[in-house]
Amino acid sequence: MNKTLSLVRRCLLMAAVAAMVSPGAAGAANPEAGSKGRRPNIIILLGDDLGFSDMGAFGGEIKTPNLDALAADGVRFTQFYTHASCSPTRSMLLSGVDTHRNGLGNMSEWTAPNQMGKPGYEGNLSRSVATLPQLLKDSGYHTYMVGKWHMGKAPDLIPAARGFERDFSLLDGAGSYWDMLNFTANTPVSLYTEDGRYLTKLPKNYYATETYTDKMISFIEANRGDGKPFFAYVAHQAPHDPYHLPRGERNGYVGQYDKGWDAVRAERLQRQKEMGIMPKDATLAERMWFVPDPTLLAPAASAMLGRKMELYAGMVENMDRHIGRLVNYLKKIGEYENTIFITFGDNGAEGTDLFEMIAGTPGTKNYLYASIAWSQNHINSWGDPHSYVGYGPMWAQVSMTPFSQYKGYFAEGGIRNALIVSGPIVKRAKGSINTAGYAHVADIMPTLLEVAGARYPETINGAKAPPLIGKSWVNMLAGKEDTPRSSKDYTAWEVFGNRAVRQGDWKIRWQYKPYGTETWELFNLAQDVAEHHDLAATQPEKVKELVALWDEYAKENNVILPNRVMAEGMVRKMPERFPVEAGFPPLMTSKQFVPPADMMADPKP
Amino acid sequence: MKTMNTTLRCSLALVALAAFCPMLALAQAPPRFYWKSLAGANAVPVIYQDISGNSNPLDPAHVVSPEANIDAEVVTVGVAKMLPLFDRTATIALLETMGRMSSTIEAGGKTASESARGYGDPMLEFGINLVGPSAIMGIPDMMRYEPKFSLDLIADVFFPVGEYDSERALNIGQNRWYGRVGAPVVWQLGAWVPGQRTTLETVPSLWLFDDNTDYLGETLSTDPMFQLESHLTRDLAVTHWASLDATWMTGGASTVGDGEEGDATDTLGLGFTLGYQVNDNLAFTFGYMSTVNDSDPGDLQMDGFRVSLTYGWHKVIEGSKRLSEGH
């Protein structure tokens, strides 16, 4: 942190000098960029619930040629952390401040009674933090956003009020890709803004991923040639459920997933090992205890469940295609070489059945609403307006190969994601994989401020600005260091009452049952990336050491553990947890015994 | 798993829908007949038709008797099965028609009447898909079935074993071999989602007739006849559908003995069908069709009501139902 802060201070100083020389461009000049030409453009490509292993460049079988091309032109990171759910991640991305200080101490949808009204738990990106787009705009960047916001709906909280000069944004956390339909009876309409105005309707021929891309291209095009760099935040809704997809793009993977999730996970891990994404001795996390062994399913069930993954794969491929359109546009206008791309998913893949959670109880208002608005549930209508498909925990585990668990939880599958960085600040070998870079989403703010020569303010609205928790990647991307964190640095997370701390190769996590044990579990990620072995019992001193860090973190960041959580009652609702072991019980898995042919005989008369 | 049940129900519905259901005289195959189903699926149709006109409705040659008024009440029952053949869906069906007909002829101030009853000529149909989805070998294939553009080849043969009296002009049986070859086409228009499905089906076919060497003591010969049927069908709801039906026939001039060759037919019929999937196994249809270019006395004039019930089943699906019902 000291090194980063000194860099920021140096930039601050340089910016102040530049401001004195050229008052009209306060804080605008990056010293290095200024001497060599224009500062780089910046594009953040965010996939919503995109899994660690979904992209081809991370071992996925899904066709993502455009994302793979960015990886081939840049560097991949395999130890990049987000938060366990979306708006907390987004809030740290755009503020660089811990969630418990930036307003997303809990998601607005799950704010607990004891958190209500408390600073840091507003459920939106607090006005008490500075935002990356605002600071970049102040430093002379154009700032554009398209896609999902999910950090506040009030006029002073929408993208235009938080630093985006142009935007086309979905304010909600999810919704239809085809229209303004949302999920609950109380909030049936998704809210959108365009350039700070709430939309009364969507453009003609709207399809989220396509429209977002069109809008972003139009924003860039509108100001092209004025000499100013741009910051573009492309927060795709895809591939978040519901899996809405144009009809012509639904059948690219038909039958490919009938083999089942275990087989696809094994294939992905094998490719990850061959590519160097995962170490050769990496193993798959155990299948979630309530997910069936796919080899025991009837073909119809395999096909039905496989269809969900087919659509998800189509969603990812579709998103990749539109990202390719944006990249090609930049190449066409000659801006590609001067553009930094930062690509990742906002949290683990989604394994929870959101639709069931909202509308699964007959007799409720939401059930009635869903029966009207979201009941196109025939398999052939999946992807159409009014259909709702999510792929479930089994495929979420595939997306998070080889990790354990998924979105919402603090096993690696909930918080570790694929990261690609490319562009002029990357000096590492093109196409290389950095497996040592322990990086965090909050690092992006200091990194980009440094790149842009922008400054982080000391005060905001008269109050002291909350500290940035991230570490700049500039040296790491330049190949001067492998990781922005020392062995003493640590990161910590908390949401929904679940929590975790990582320092070096060690990690502790505390989670509600049944996903956790409601005690601190300890893992060595260097030796056990799939978190098979809880070492808490054998290494109590390490647990104690990390719990002390947790206590420090909780105190510094005013962590208020929620008194009501999503997990309550879950133990009763879910199957009892037993270990999952391949081949058990043999009653179900053993094959037909075939006697030697020469011992076969017809019955005697 | 709710979705799974929905899909299974859909599969069952298709089993039932795919049953054979010929509309005598004016249309040979009902709407949705050439949709495909699970290999091994079976169907038993029972079709009641009430037909009136100036020609024997059971004789596809449609020899017109301008002064005649022929009424027929007939029932067709049969069995159909879908089979895989060279990875294509094949259909084999056997149908038998039975019932009563009566005719009244008024000419020169005199009235003559005739009637016939009994069993008609059984028909064997064989069809195989040439272009379109491969044979549907399991529920996964059934789930993924969409006709998109499908082209079949069919051959129908009627066996001359139905009741026939050479002293009468009006008979249930036709006393000759006849049949047709055709190339049914199904075009899927839009989504293949129950409640939203739309198809345009056309069946061009060529009828061929052997001679009836004992037709009132003479030989009845009929030229080949071309027939084009079309059905534009659309789901009204998940279990309800409707179609606009049309059929056009041309050719098929008949000659009796050494007399002059009769007129070739050039007939257009229009009608509609309403369909209802009663449950997983049972489908119901009601339809009406009438000739429309029939103002001249020598034109074929015919109309008919049709009600059908078709029961379909497949052993896998029936077994699943037994298990789910706890039997």
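Going by the structure above, here's the rest.
Residues numbered from 1 in each chain as written. Chains lettered and ligands numbered in written order. Predicted model: local features only at pLDDT ≥ 70, side-chain atom pairs only at ≥ 80, totals over all residues. Heavy atoms only, no water.

> Which parts of the structure should I look at to understand the overall build of chain A?
Of the regular secondary structure elements, chain A holds 18 helices and 17 strands. Over its C-alpha atoms, taken along the principal directions, chain A stretches across nearly 110 × 60 × 50 Å. Burial statistics for chain A: of 605 residues in total, 60% are counted as buried. Counting only contacts in chain A whose residues sit at least 6 apart along the sequence, the fraction spanning at least 24 positions is 74%. In the form shown here, chain A has an accessible surface area of approximately 23,700 Å², with 56% of it arising from carbon and sulfur atoms. Across chain A, the 64 positively charged side chains and the 65 negatively charged ones have centroids separated by 4 Å. (Helix = DSSP H or I, 4+ residues; strand = E, 2+ residues; numbered from the N terminus. Buried < 20%, exposed > 50% of the residue type's maximum accessible area, 1.4 Å probe, protein only. Contact = heavy atoms within 4.5 Å. Areas by Shrake-Rupley, 256 points an atom, 1.4 Å probe, with all protein chains shown as cover. Lys, Arg positive; Asp, Glu negative; His and termini not counted. Charge placed at Lys NZ, Arg CZ, Asp CG, Glu CD.)

> Help me understand the nonpolar core, please; the structure alone is not making it clear to me.
All names here are of chain A. Core analysis: the largest hydrophobic core is formed by 98 residues, its most contacted members being Leu330 and Trp395. With 16 residues, helix H9 (residues 299-332) is the single largest residue contributor to this core. Trp149, Ile158, Ile342 and Met476 belong to the second largest nonpolar core, which has 50 residues in total. (Core = buried A, V, L, I, M, F, W, Y, C linked by side-chain atoms within 4.5 Å.)

> I'm lost on the sheet that holds strand S15 (residues 498-503) of chain A in this one. Help?
Picture the strands of a sheet paired through backbone hydrogen bonds; they go either parallel or antiparallel. Residue and element names in this part refer to chain A. The strand order S14-S15-S16-S17 describes an open sheet built from four strands, whose pairing is antiparallel. In this open sheet, the two edge strands, each paired with only one partner strand, are strand S14 (490-495) and strand S17 (520-524). Between one strand axis and the next, the sheet turns by 15° as a mean value, whatever way the strands run. Bridging between S14 and S15 involves six bridges; their strand directions are antiparallel. Directly across from Val495, in S15, lies its bridge partner Asn498. Across the sheet, helix H16 (residues 540-556) lies against S14, S15, strand S16 (506-510) and S17, angled at about 70° from S14, the strand it touches most. (Pairing = 2+ DSSP bridges. Axes fitted to C-alpha atoms, helices over the stretch in contact; angles between N-to-C directions.)

> Just checking my understanding: could you explain the side chain of Gln277(B) for this structure?
Residue and element names in this part refer to chain B. Among the structural elements, Gln277 can be located in strand S15 (residues 265-277). Judged by its relative accessible area of 9%, Gln277 is buried. From its side chain, Gln277 meets the backbone oxygen of Leu282 in a polar contact 3.3 Å long. (Polar contact = N/O pair within 3.5 Å; in protein donor to acceptor, adjacent residues only side chain to side chain.)

> Explain the sheet that holds strand S14 (residues 254-256) of chain B to me, please; I cannot follow it from the model alone.
All names here are of chain B. One open sheet accounts for three strands, arranged S10-S11-S14; its pairing is antiparallel. Among the strands making up the open sheet, the edge pair consists of strand S10 (212-215) and S14. Averaged over all neighbouring strand pairs, the angle between strand axes comes to 30°, with direction disregarded. Pairing geometry for strand S11 (residues 218-222) and S14, over three bridges, is antiparallel. Opposite Leu220, over in S14, you have Val256 as the bridge partner.

> How do you make sense of the pattern of salt bridges when you look at a structure like this?
Side-chain pairing between opposite charges can occur once the charged atoms of the two side chains come close. All told, the structure shown has 42 salt bridges over all chains when counted by the stated rule. Of the charged contacts in the structure, one is a salt bridge between Asp54(A) and Arg268(A), with a shortest N-O distance of 2.9 Å. Separated by 214 residues along the polypeptide, Asp54(A) in the loop between strand S1 (41-47) and helix H3 (65-73) and Arg268(A) in helix H8 (residues 261-275) bring together distant segments of the chain. Among the salt bridges present, the one from Glu310(A) reaches Arg144(B), with a minimum N-O distance of 3.6 Å. In this pair, Glu310(A) is assigned in helix H9 and Arg144(B) in helix H2 (residues 139-144), connecting two distinct chains. Taking relative accessible area as the criterion, Glu310(A) reaches 1% and is therefore assigned buried. Each of the salt bridges in this network shares a partner with another, and the network as a whole consists of Glu412(A), Arg416(A), Lys507(A), Arg509(A), Glu521(A) and Glu531(A). (Salt bridge = Lys/Arg side-chain N within 4 Å of Asp/Glu carboxyl O.)

> Explain the interface of chain A and chain B here, please?
Bring the parts together and some accessible area is lost; that lost area is often taken as the interface size. The partner chain B presents 16 residues to the 18 residues of chain A that form the contact. Surface buried jointly by chain A and chain B totals about 1,500 Å² across both partners, of which 61% is contributed by carbon and sulfur atoms. By the criterion of area lost to chain B, the three top residues of chain A are Met304(A), His378(A) and Asn380(A), representing 35% of everything that side buries. Our count for the contact surface shared by chain A and chain B stands at two salt bridges. (Buried area = accessible area lost by both parts, 1.4 Å probe.)

> Quick question: what am I supposed to make of the layout of surface pockets here?
Which parts of space are left empty comes out when a probe the size of a water molecule is rolled across the atoms. If you add up the space inside the largest pocket, you get close to 1,700 Å³. Lining the largest pocket are 49 residues; nearest its centre among them are Asp353(A), Leu354(A), Phe355(A), Glu356(A) and Met357(A). Within the residue set of the lining of the largest pocket, elements represented by two or more residues are H9, helix H10 (354-359), helix H11 (365-373), helix H12 (392-399) and helix H17 (570-573) of chain A together with helix H1 (2-17) of chain B. Per-element tally for the lining of the largest pocket: the top contributor is H10(A), with five residues. Taken together, the residues of the lining of the largest pocket sort by class into 30 nonpolar, 11 polar and eight charged. When its volume is computed, the second largest pocket comes out at roughly 770 Å³. Met107(A), Glu109(A), Trp110(A), His150(A) and Leu354(A) are the residues nearest the centre of the second largest pocket, which is lined by 33 residues in total. If one sorts the elements of the lining of the second largest pocket by residue count, H10(A) sits on top with three residues. Residues belonging to the lining of the second largest pocket are distributed by class as follows: 14 nonpolar, 13 polar and six charged. (1 Å grid on protein atoms, 1.4 Å probe; cavity = no way out; pocket = protein on both sides within 12 Å on 5 of 7 lines; lining within 4 Å. Points joined across faces, edges and corners; volume = space filled by probe spheres on them. Nonpolar A, V, L, I, M, F, W, Y, C, P; charged D, E, K, R; others polar.)

> Can you help me understand the side chain of Glu146(B) in this one?
Residues and elements named next belong to chain B. You can see Glu146 is positioned in the loop between H2 and strand S6 (149-158). Taking relative accessible area as the criterion, Glu146 reaches 16% and is therefore assigned buried. A polar atom in the side chain of Glu146 sits 2.9 Å from the side chain of Gln188.

> So what exactly am I meant to see when it comes to the environment of Asp214(B) here?
Here Asp214(B) lies in strand S10. Apart from the residues within four sequence positions on either side, Asp214(B) is in contact with Tyr164(B), Ser166(B) and Asn175(B).

> Explain H12(A) here, please?
It helps to recall that an α-helix has 3.6 residues per turn; residues three or four apart then point in one direction. All names here are of chain A. Most of H12 is tucked away, with eight of its eight residues classed as buried. Here H12 has its buried residues at Gly392, Pro393, Met394, Trp395, Ala396, Gln397, Val398 and Ser399. On its buried face, H12 sits against H8 and H9.

> Looking at this structure, I do not really get a nonpolar patch on the surface. What am I missing?
All names here are of chain B. A cluster of nonpolar side chains, contributed by Leu130, Val131, Phe149, Leu153, Trp187, Leu189, Leu232, Leu236, Leu244, Phe272 and Leu274, occupies part of the molecular surface with about 970 Å² of accessible area. Among the secondary structure elements, those contributing two or more residues to the nonpolar patch are strand S5 (123-131), S6 and S15. Secondary-structure assignment places Leu236 in the loop between strand S12 (225-235) and strand S13 (240-251). (Patch = residues over 30% accessible without salt bridge, like charges linked within 9 Å, V, L, I, M, F, W, Y side chains within 5 Å.)

> I tried to follow H8(A) on my own but got confused; where do I start?
All names here are of chain A. Compared with an ideal rise of 1.5 Å per residue, which puts 15 residues at 21 Å, H8 spans 21 Å between its outermost C-alpha atoms and is within 8% of the ideal. All of the buried residues along H8 are Trp261, Val264, Arg265, Arg268, Leu269, Gln272 and Lys273. Structurally, H8 contributes buried residues whose contacts are with H9 and H12. Where H8 ends, the next residue or the one after it, Gly276, has phi of about 95°, a positive value. (Expected span 1.5 Å × (residues − 1).)

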